[in-house]
Amino acid sequence: MPDPFAELADWMRAANRGDAFAYRQLLDALALRLRPVVRRGLARAGRSELDGEDIVQETLLAVHLKRQTWDETQPLMPWVRAIAHYKLVDALRRRGFREHLPIETVETTLPERLEPEAEPAAAASDIKELLGRLSERQREIVVGMAIEGRSAKELGERLGMADGTVRVVLHRSLRLLADIVRKGKP
Amino acid sequence: MKTDELIAALAADAQPVRRSPERTMIGALAAGVAVALVGFLLALGARPDIGQALHTWRFVLKLVIVAMAALLITRECVRLMRPLARPSVWPILAVVGLLVAALIAELLISPSSTWGHKLVGTNAVICLTAIPLLSLAPLASFVIALRSGAPIAPVWTGAMVGLASAALGASLYALHCFDDSPLFVATWYSAAALIMTGIGAILGARLLRW
């Protein structure tokens, strides 16, 4: 059976060779598909009141930081589902939800074609507060690249750093964000 | 931060992926096992009569058991680096099966009057100290490598990592140890492995979440 998400897998393979444009397309597509999945997962766990956008963001961060664990010869979506499931369970555990969530929750709630969902306009995301926990330079680089859309070279010139260093700081900041989210909020 | 902005930040960080989880693990383990080997050669060394021992079935069987445990459980730890890998008990069952078969063979072959002596052995305390010590460097390697992986069951994976490092440590220690009876191995080697499995599980809960 042909993989219905073959195009996404192609983008991921390109991303793994450093193609930022393909990567952006992939992450956008994944975000659209992860929203309904996370929402259904929360509903099945009886926590539909929780904001799923955080879990979508945590999953995207994990997809990014763990992308070397995807086997390029395999379909992409089962791997994404496994990560989404882990992040969903982890998020519920951190919020004090200790009941066992069946491992099938996400897998059975991600049909082949699920209506993609755009980001809710008023997503009150925790990651926003987290930016405040980065150092000033880290924040400047994350905000510069993510929100203002500047290139590493541009930021490097402004901050007096080599663009390679800017990239390293960006990567470390993203890992730090993932760590801060994982360890939970006070 | 909006999801769109997060995606922009992630896309800006699109670097080519350099290493597969397997290669990361092999590199880390090579270093950890090398450290354990140096420690073994400096502190213990192989038993002097190893040439003759290799002609006795008990010594060879002991080596086969620890080497098979090291191989199977290490392979399981590598597998668990990927998020699609579900925990499996088969590698453990295979090792336990071999151990039980060896135990039955020993009980059938040797008179019951020798069992107590074989069980207690001569080196139980050294065994319980040396195996955990020899497994520390491999344990560190496993944990470091697995932190770049994505194990979906961190506590279980930690326990497997503790067991695998104990099996690697035991593979070295077995070359030094004079107690070859399966009665001794099943008791004391297993006790050492159990200690490391517990330590691994605790480390897993703390260090292998992502």
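Here the structure is a predicted model, which is why all the values come from computation and not from measurement.

Details of the interface of chain A and chain B
Right, on to step 1. Across the boundary between the two partners, chain A contributes 49 residues, which contact 34 residues of chain B.
Right, on to step 2. Across the interface of chain A and chain B, roughly 3700 Å² is buried in total on both sides, 61% from carbon and sulfur atoms.
Right, on to step 3. At the boundary of chain A with chain B, the tally comes to 13 residue pairs in polar contact (both at pLDDT 80 or more).
Right, on to step 4. Elements represented by at least two residues in the side of chain A that touches chain B include exactly α2 (20-44), α3 (53-65), α4 (77-94), α6 (126-131), α7 (136-146) and α9 (163-183) of chain A.
Right, on to step 5. At eight residues, the largest contribution of residues to the side of chain A that touches chain B is made by α4 of chain A.

Quick word on the pattern of salt bridges
All names here are of chain A.
Right, on to step 1. Under the counting rule described, the total for this entry stands at 17 salt bridges over all chains.
Right, on to step 2. Measuring nitrogen to oxygen at the nearest pair gives 3.2 Å for the salt bridge that ties R94 to E58. Here R94, found in helix α4, pairs with E58, found in helix α3; they are 36 residues apart in sequence, far enough to count as distant.
Right, on to step 3. Given a relative accessible area of 23%, R94 falls into the partly exposed group.
Right, on to step 4. A network of salt bridges, in which partner residues are shared, links E58, D90, R93 and R94.

Considerations on the packing of α7 of chain A against helix α8 (residues 152-159) of chain A
All names here are of chain A.
Right, on to step 1. In the contact formed by α7 and α8, the axes pass within 10 Å of each other and the chain directions differ by 145°. Judged by the sense of rotation from one axis to the other, the crossing of α7 with α8 is right-handed. Contacts between α7 and α8 involve E140, I141, G144 and M145 on the former and, on the latter, A152, L155, R158 and L159.
Right, on to step 2. The residue inventory of the contact of α7 with α8, partitioned by class, reads five nonpolar, one polar and two charged.

Considerations on the packing of α9 of chain A against helix α1 (residues 3-12) of chain B
Right, on to step 1. Two elements in contact, α9 of chain A and α1 of chain B, have axes separated by 9 Å at closest approach and are oriented at 130°. The angle between the axes of α9 of chain A and α1 of chain B places the two elements in the oblique class. Handedness of the crossing formed by α9 of chain A with α1 of chain B: left-handed. Counting all contacts with α9 of chain A, which are made through R167, L170 and L174 of chain A, the residues of α1 of chain B involved are A9, L10 and A12 of chain B.

Conventions and cut-offs
Residues numbered from 1 in each chain as written. Chains lettered and ligands numbered in written order. Predicted model: local features only at pLDDT ≥ 70, side-chain atom pairs only at ≥ 80, totals over all residues. Heavy atoms only, no water. Contact = heavy atoms within 4.5 Å. Buried area = accessible area lost by both parts, 1.4 Å probe. Polar contact = N/O pair within 3.5 Å; in protein donor to acceptor, adjacent residues only side chain to side chain. Helix = DSSP H or I, 4+ residues; strand = E, 2+ residues; numbered from the N terminus. Salt bridge = Lys/Arg side-chain N within 4 Å of Asp/Glu carboxyl O. Buried < 20%, exposed > 50% of the residue type's maximum accessible area, 1.4 Å probe, protein only. Axes fitted to C-alpha atoms, helices over the stretch in contact; angles between N-to-C directions. Left-handed = near helix turned anticlockwise from the far one by under 90°. Nonpolar A, V, L, I, M, F, W, Y, C, P; charged D, E, K, R; others polar. Parallel < 35°, antiparallel > 145°, perpendicular 65-115°, else oblique.

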